[in-house]
2 protein chains.
Amino acid sequence: MIKDPFIASKEKLDPNNFALANCIRALSIDAVNAANSGHPGAPMGMADAATILYRKHLTFDAAMPDWPDRDRFVLSNGHASMLLYSLLHLTGVEDMTMDQIRNFRQWGSITAGHPEYGHAKGIETTTGPLGQGLATAVGMAMSERLLAEEFPGLVDHHTYVMLGDGCLEEGIGQEAISLAGHLGLGKLILLYDDNDITIDGPTSVSFSENVPARLAACGWHVQSCDGHNPLALDAAITAAKAETGMPSLIAMKTIIGFGSPNRAGTASAHGAPLGEEEGAAAKAALGWSYAPFEIPADLSKKWRDIGAKGRDMRTAWETKLAEHPQAVEFMRRQSGILPEGYDAAVAKARKQLFAAPAKVATRKASQMALDALAGSLPELVGGSADLTGSNLTRVEAVDSQYSRDKPGRYIGYGVREFGMAAAMNGLVLHGGFIPYGGTFLVFSDYARNGIRLSALMEIGTIYVMTHDSIGLGEDGPTHQPIEHLASLRAIPNLNVFRPGDAMETLECWDIAIRNRNRPSLMALSRQGVPQLRLEESDENLSAKGAYILRSYGSSRDITLIATGTELSLAVEAAEALQAEGLGVVVVSMPCWELFDAQPKNYRDKILGTAPRIAIEAASKFGWTRYVASEEDIIGMDGFGASAPAERLYQEFGITKQAVVDRAKRLLEA
Amino acid sequence: MIKDPFIASKEKLDPNNFALANCIRALSIDAVNAANSGHPGAPMGMADAATILYRKHLTFDAAMPDWPDRDRFVLSNGHASMLLYSLLHLTGVEDMTMDQIRNFRQWGSITAGHPEYGHAKGIETTTGPLGQGLATAVGMAMSERLLAEEFPGLVDHHTYVMLGDGCLEEGIGQEAISLAGHLGLGKLILLYDDNDITIDGPTSVSFSENVPARLAACGWHVQSCDGHNPLALDAAITAAKAETGMPSLIAMKTIIGFGSPNRAGTASAHGAPLGEEEGAAAKAALGWSYAPFEIPADLSKKWRDIGAKGRDMRTAWETKLAEHPQAVEFMRRQSGILPEGYDAAVAKARKQLFAAPAKVATRKASQMALDALAGSLPELVGGSADLTGSNLTRVEAVDSQYSRDKPGRYIGYGVREFGMAAAMNGLVLHGGFIPYGGTFLVFSDYARNGIRLSALMEIGTIYVMTHDSIGLGEDGPTHQPIEHLASLRAIPNLNVFRPGDAMETLECWDIAIRNRNRPSLMALSRQGVPQLRLEESDENLSAKGAYILRSYGSSRDITLIATGTELSLAVEAAEALQAEGLGVVVVSMPCWELFDAQPKNYRDKILGTAPRIAIEAASKFGWTRYVASEEDIIGMDGFGASAPAERLYQEFGITKQAVVDRAKRLLEA
């Protein structure tokens with residue numbers, strides 16, 4: 001049946017591997033055809049490599065695909081999702097039934113167009129936005145190394161990444177490559193699907209660099225091999241594992257859509273179903289004679305055996321764990337349960353702030369909070385995109401630099417915000433850590449899709465974003481966030497915190513640390529603010545997103561809602577209005593998302609029925625959720641400017657007087 | 001006075017260059033000290049190189065710093081702004097007075113913390129967000145090559161970029177490097193300030209790659225030299241110019257804060273004023289004995305001569321232009337005035353659509369519009385981040401592939417959205433082109449800060465963003481934009497268009513093309529929509545941002561506001577409501593920003609006083625600007641899912657019935 005001499009020659013190299021790989025190819029053809037959408041080319045091209053990886057190298061137990069010391073496998077070119085689903089199904093991962101494969105890309109299935117974290121065990125991260133799988137895998141490899149340092153004898157696994165040209169063209173790919181090379185992550189191994197094809201045609205339309213040379217320049221161990229030759233692949237992976245001081249690249253020369261007589265090696269194999277006719281022709285060429293979605297028993301058995309291959313290693317590890325002196329702590333870290341001392345640390349920090357109120361920038365308050373809490377949280381791993389002294393992300397307990405020689409709890413991510421975001425996602429996904437990382441709020445733009453993936457995956461990555469308004473002053477409009485709060489609040493499932501004083505900053509940190517199912521973003525000021533929360537209490541008032549900070553007068557003629565550095569401005573305006581005989585309530589709203597999640601009666605009580613004014617030194621966009629009209633927002637209409645902060649507040653009309661004027665206008669009406 | 005033997009040895013190499021460079025160092029010290037904020041280290045470290053560049057190589061005329069065939073100089077590490085301001089002042093650019101230097105970083109000055117395009121001639125682009133200056137310069141170099149092809153004899157200049165480690169760590173830097181190498185942009189020359197220092201300390205904390213080797217792997221000509229040796233720098237720039245087939249890197253080993261006895265070579269020289277004492281010590285070490293902001297007459301004269309050096313070349317070019325057969329067209333292209341045939345092309349396309357209404361996806365309508373207009377617009381340059389067949393950005397008149405061998409009007413940007421955005425900004429800034437480039441709307445995230453810079457610079461870059469909602473279907477939540485429309489609308493000075501049918505798509509393209517002072521972003525559908533605009537008229541109704549598409553019944557009981565693919569859904573709902581005896585107005589709102597710019601009486605008329613419902617298959621965030629409450633928005637509350645589009649609309653409740661139900665509820669109340 002095999003007519004193509006190329007296929008025939010490949011098949012002879014290792015008929016067993018070839019037949020097993022064809023199971024992946026056949027399922028990919030069938031599922032994409034059934035869905036009438038999807039990407040058959042990459043799974044067909046990478047099937048041989050994936051098969052040899054699972055057969056010979058990947059430490060994986062299909063009966064427990066999430067045991068802690070497993071190897072991680074990340075499919076960074078997520079459009080090749082049928083490769084991963086096929087592997088999980090064939091190896092026998094419980095949830096990945098043939099019905100799920102049949103329902104590829106359908107409502108309610110776990111087999112989404114691109115792999116979605118949480119849909120099935122064995123999907124280590126959500127991929128599809130190119131480059132991020134690789135960068136997330138770098139975070140996983142960093143985790144492995146640090147956790148191995150902390151728990152000797154319990155952690156020793158590899159992180160394998162499959163990826164295509166797109167992941168290497170995206171800038172974040174290079175950020176990840178550079179960081180991994182810098183840190184010498186020797187257990188990170190890339191399998192690059194070097195198929196010379198991109199959506200717009202041959203890669204030569206846009207991509208002509210020497211990828212191995214680029215990675216070698218970044219401190220990588222590099223190899224090239226035939227991606228359809230299982231013997232060569234096996235040898236390359238073996239060599240990659242043997243190199244422990246550098247991450248490894250294996251550039252596999254492959255044919256996209258391998259087996260498809262009329263589409264293999266062309267862009268037409270990439271993103272459209274082969275269809276019945278070409279699918280049948282491909283199966284014929286591959287010598288595959290089974291019905292759609294049929295895997296013959298012998299191959300099915302072999303794949304199940306591959307899935308069971310890691311069982312002994314897993315049980316041996318469990319035995320080792322049971323006898324390990326750090327077993328309890330290790331499992332606590334894996335579970336994400338906070339340590340015993342944490343509550344007391346929070347309580348103590350609260351007490352101290354009430355005893356000695358702090359008039360500091362909220363970035364400084366953030367550092368104080370971290371200082372107070374980090375000692376009790378060994379899972380906390382910090383870092384900054386080269387703005388440590390500005391972000392104030394380094395504290396005594398999180399001070400050991402993560403270096404090539406010794407992994408530590410503080411990571412110098414370099415000027416790589418996007419790479420940082422994705423690596424932090426990897427730190428969470430790997431298990432064992434709560435990562436936070438800093439940059440300027442305006443550069444959340446660079447990291448934005450990584451933040452989005454934290455939210456989509458529902459994981460508790462923490463973003464520390466300082467210099468959160470025109471209040472940063474002289475650096476000017478390129479560095480002044482304006483629309484960033486609005487645009488971040490618009491991301492579903494992300495808690496955006498903008499605390500107004502040191503106490504709120506502590507509270508927001510506490511919420512962020514406890515919330516392991518939702519990312520948090522802290523917007524923090526460069527400039528100082530007074531501590532407004534002075535009444536001692538044990539309740540985390542920020543946890544409801546908004547609360548009444550202060551009431552002035554017996555009536556409630558007007559409500560001022562503010563966040564962050566403008567909270568003290570609201571208090572000043574309220575005092576001025578009270579002096580004129582008005583009753584004013586000041587609502588602090590450090591987190592919209594948490595407030596919106598409160599019951600209606602709470603929200604109604606906080607917002608009240610009196611006219612409302614919102615005050616925030618940022619775009620007005622979105623505030624009409626809480627106030628009646630755009631005119632009731634004291635904020636920014638355009639970009640900032642370069643000047644001292646006080647001048648900017650004056651020039652842009654974010655002043656006590658502006659609040660007072662608007663309040664009077666509202667009450668006149 | 002020079003005690004430091006290092007400085008002394010450098011000085012001996014070329015005392016003239018050294019003295020001229022010290023003018024830059026002194027001004028940088030003084031201005032940063034006066035502002036009490038800023039970055040003295042980089043200007044002091046790069047002063048020698050900048051001086052030799054301006055003295056010996058840069059084709060520049062201070063009397064007319066914006067003449068078309070000048071060399072471009074981009075300071076990608078924008079925090080070194082005092083380097084650029086010093087150069088413009090010293091060479092005699094009119095606006096850059098000593099008063100401006102004294103007012104560095106102050107309200108109303110043109111000397112912002114980071115260089116702002118438009119503040120002074122000679123500032124070729126806004127920089128500060130790292131990596132983007134480099135990527136924008138790549139766009140400029142692409143422009144030069146294409147324009148030289150179109151206008152033989154009129155265009156022949158270099159693009160020089162200064163940049164630091166940060167620009168090379170940012171992923172966008174690699175995107176730009178890879179693209180420039182791929183296209184063989186031989187007139188692009190990078191001067192890399194390789195000073196071994198980053199904000200967090202020595203670069204070794206986060207960056208240890210072999211930069212020249214990385215760039216060589218990407219097809220660059222690379223050199224290394226002592227960045228304080230004018231002879232070596234001169235030779236290196238000369239060699240870089242001689243290499244015309246590849247872009248060139250000159251890695252200059254420099255000392256940050258060169259001259260500062262106690263801070264040179266350390267991170268403390270980077271981002272804080274030297275202060276009076278250290279500033280004085282630095283001047284002493286450099287042998288500089290003048291008062292703050294004083295430039296001695298002999299050096300001032302020499303710098304003015306450098307500024308006048310290009311005058312003859314400029315006037316010779318003007319003479320050549322005057323005699324050139326394409327002079328009129330060249331100057332039209334430079335001016336940004338649209339060609340004569342353009343209006344007629346628009347009118348013809350309108351007529352055709354009215355004559356034969358098109359039921360197509362708006363991405364297809366976009367291609368039809370481009371097809372209709374591009375023939376009359378030689379300045380239109382297209383491209384896509386490797387999604388040509390999906391974005392439908394390629395049309396007959398914009399079909400010639402921009403390649404290494406021959407520059408064309410269609411650019412394969414590769415999977416590099418951010419690099420594409422910045423390169424397009426460079427195409428605009430260079431002059432002569434109207435660029436548009438495509439990707440999926442969800443990946444606007446990757447390009448976001450580039451879009452922001454288009455808006456901040458007030459330049460007319462056009463973003464074509466297709467697959468604009470859950471309507472893209474099976475690719476799933478990683479590919480479905482949800483919060484993107486809101487987050488883009490929040491960017492000041494950006495027109496976000498979401499046309500509802502083929503006619504609106506044409507109209508929005510027309511607005512985007514005409515608007516050269518504001519970027520435009522087209523959000524376009526994957527799925528088909530009927531043409532709703534059927535009544536023939538010459539007026540571009542989209543130009544007011546929103547208008548009454550249809551009125552049902554004689555009363556106005558309810559107003560439905562919709563955009564894009566949901567416009568036809570609003571029409572269906574209106575018909576259903578009319579059938580129940582209600583009067584309904586359907587408002588189409590393709591562009592919020594244009595609508596908000598209309599006079600109040602127009603806005604009041606369009607919005608009306610009846611209850612309003614907004615319909616958009618995207619995050620509800622921000623729609624309370626136009627409707628009374630969140631409940632009046634038919635939209636998305638969370639992320640999407642992987643399934644056929646129709647199913648998703650049903651499951652997420654974006655249906656005719658949902659609109660009808662809400663309308664009835666509102667009218668009951």
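From a predicted model like this one, the values you see are computed outputs, not experimental measurements. (Residues numbered from 1 in each chain as written. Chains lettered and ligands numbered in written order. Predicted model: local features only at pLDDT ≥ 70, side-chain atom pairs only at ≥ 80, totals over all residues. Heavy atoms only, no water.)

1. Focus: the overall build of chain A
If you tally the helices and strands in chain A, you get 26 helices and 20 strands. Radius of gyration (C-alpha) of chain A: 28 Å, near the 26 Å computed for a compact globule of 669 residues. Seen through its C-alpha atoms, chain A measures out along the principal axes to roughly 95 × 55 × 45 Å. Burial statistics for chain A: of 669 residues in total, 69% are counted as buried. Accessible surface computed for chain A: about 20,300 Å², of which carbon and sulfur atoms make up 50%. With 61 positive and 80 negative side-chain charges, chain A shows a separation of 2 Å between the mean positions of the two kinds. (Helix = DSSP H or I, 4+ residues; strand = E, 2+ residues; numbered from the N terminus. Rg over C-alpha atoms; globule rule 2.2 N^0.38 Å. Buried < 20%, exposed > 50% of the residue type's maximum accessible area, 1.4 Å probe, protein only. Areas by Shrake-Rupley, 256 points an atom, 1.4 Å probe, with all protein chains shown as cover. Lys, Arg positive; Asp, Glu negative; His and termini not counted. Charge placed at Lys NZ, Arg CZ, Asp CG, Glu CD.)

2. Points about the environment of A421(B)
Residue and element names in this part refer to chain B. As for its placement among the helices and strands, A421 is situated in helix α18 (residues 417-430). Classification of A421 as buried rests on a relative accessible area of 0%. C-alpha of A421 to C-alpha of K12: the two residues are 409 residues apart in sequence and 45 Å apart in space. Once you skip the residues sitting within four places of it in the chain, A421 turns out to touch A447, G450, I451 and Y463. (Contact = heavy atoms within 4.5 Å.)

3. So, the domain arrangement of chain A
One frequent convention defines the size of an interface as the accessible area lost when the parts assemble. Segmenting chain A into domains produces domain 1 (5-316), domain 2 (341-530) and domain 3 (542-668). Each of domain 1 of chain A and domain 3 of chain A was reduced to a C-alpha centroid, and the two centroids are 52 Å apart. (Domains from an automatic or database assignment.)

4. Looking at the pattern of salt bridges
Applying the stated criterion across every chain, the model contains 80 salt bridges over all chains. We note a salt bridge from E144(A) to K187(A), for which the minimum N-O separation is 2.9 Å. Residue E144(A) is found in helix α6 (residues 132-150), and its partner K187(A) is found in the loop between α8 (171-183) and β3 (188-194); the two are separated by 43 residues along the sequence. Residue classification places E144(A) among the buried positions, given a relative accessible area of 3%. K187(A) gets classed as partly exposed once you look at its relative accessible area, which sits at 26%. Two residues, D604(B) and K600(B), come together in a salt bridge whose shortest N-O distance is 2.8 Å. With D604(B) and K600(B) both in helix α24 (residues 600-607), this residue pair falls four residues apart, about one helical turn. A network of salt bridges, in which partner residues are shared, links D61(A), R311(A), R314(A) and E318(A). (Salt bridge = Lys/Arg side-chain N within 4 Å of Asp/Glu carboxyl O.)

5. Looking at the pairing of strand β2 (residues 159-163) of chain B
All names here are of chain B. Where burial is concerned, most of β2 is hidden: five out of the five residues are buried. Side chains of β2 alternate between two faces, with T159, V161 and L163 and Y160 and M162 buried alike. The sheet contact formed by β2 and strand β3 (residues 188-194) spans five bridges and is parallel. Each residue of the ladder has a partner; that of V161, found in β3, is L190. (Pairing = 2+ DSSP bridges.)

6. Points about the UniProt feature "active site" (unreviewed entry) in chain A
The UniProt entry lists E417(A) under the feature "active site" (unreviewed entry), expressed in the numbering used here. Of note, E417(A) is situated in helix α18 (residues 417-430). You can call E417(A) buried: its relative accessible area is 4%. In this structure, E417(A) is in contact with E175(A), A385(A), T439(A), F443(A), Y446(A), A447(A) and E170(B), ignoring residues within four places of it in sequence. (UniProt positions renumbered as here; feature names shortened; annotations may be inferred.)

7. Description of the interface of chain A and chain B
Listed by partner, the interface residues are 96 residues for chain A and 96 residues for chain B. Applying the counting criterion to the chain A and chain B interface returns 10 salt bridges. Where R625(A) meets E630(B), a salt bridge forms, and the shortest distance between an N and an O atom there is 2.9 Å. Seen at the junction of chain A and chain B, the total is 61 residue pairs in polar contact (both at pLDDT 80 or more). Breaking the side of chain A that touches chain B down by element, the ones donating at least two residues are α7 (165-169), α8, α9 (211-217), α17 (388-391), α18, α19 (444-457), α20 (484-489) and α25 (645-651) of chain A. At eight residues, α19(A) tops the list of elements feeding residues into the side of chain A that touches chain B. Looking at the side of chain A that touches chain B, its residues break down into 37 nonpolar, 36 polar and 23 charged. (Polar contact = N/O pair within 3.5 Å; in protein donor to acceptor, adjacent residues only side chain to side chain. Nonpolar A, V, L, I, M, F, W, Y, C, P; charged D, E, K, R; others polar.)

8. Considering the relation of the copies chain A and chain B
Superposing chain A onto chain B takes a rotation of 180 degrees plus a shift of 0.0 Å along the axis, which leaves an RMSD of 0.0 Å. Expressed as a symmetry operation, the mapping of one chain copy onto the other fits a two-fold axis. Closest approach to the rotation axis among the C-alpha atoms of chain A is made by G171(A), whose C-alpha sits 1.7 Å away. Interface overlap between copies: 100% of the residues of chain A at the interface are likewise at the interface in chain B, consistent with a symmetric, same-surface contact. (Least-squares fit on C-alpha atoms with pLDDT ≥ 70 in both.)

9. Regarding helix α11 (residues 275-286) of chain A
All names here are of chain A. Between its terminal C-alpha atoms α11 stretches 16 Å, which fits the 16 Å expected from 12 residues at 1.5 Å a residue. Three or more residues of α11 are buried, namely E278, G279, A282, K283, A285 and L286. Looking straight down α11, one finds its buried side chains confined to an arc of 160 degrees; they lie on one side. In α11, the exposed positions that point more than 90 degrees away from the buried face belong to E276 and E277. Once α11 finishes, G287 follows within two positions and takes phi at roughly 75 degrees, a positive value. (Expected span 1.5 Å × (residues − 1). Arc of directions from axis to C-beta.)

10. Topic: the sheet that holds strand β13 (residues 495-497) of chain B
Residues and elements named next belong to chain B. Taken in spatial order, the six strands line up as β10-β9-β11-β12-β14-β13 in an open sheet, and their pairing is parallel. In this open sheet, the two edge strands, each paired with only one partner strand, are β10 (410-412) and β13. Put simply, the sheet's adjacent strands are angled 20 degrees from each other on average, direction ignored. Across four bridges, strand β12 (residues 462-466) lies against strand β14 (residues 520-523) in parallel orientation. When the bridges of β14 are listed, I462 appears paired with S520. (Axes fitted to C-alpha atoms, helices over the stretch in contact; angles between N-to-C directions.)

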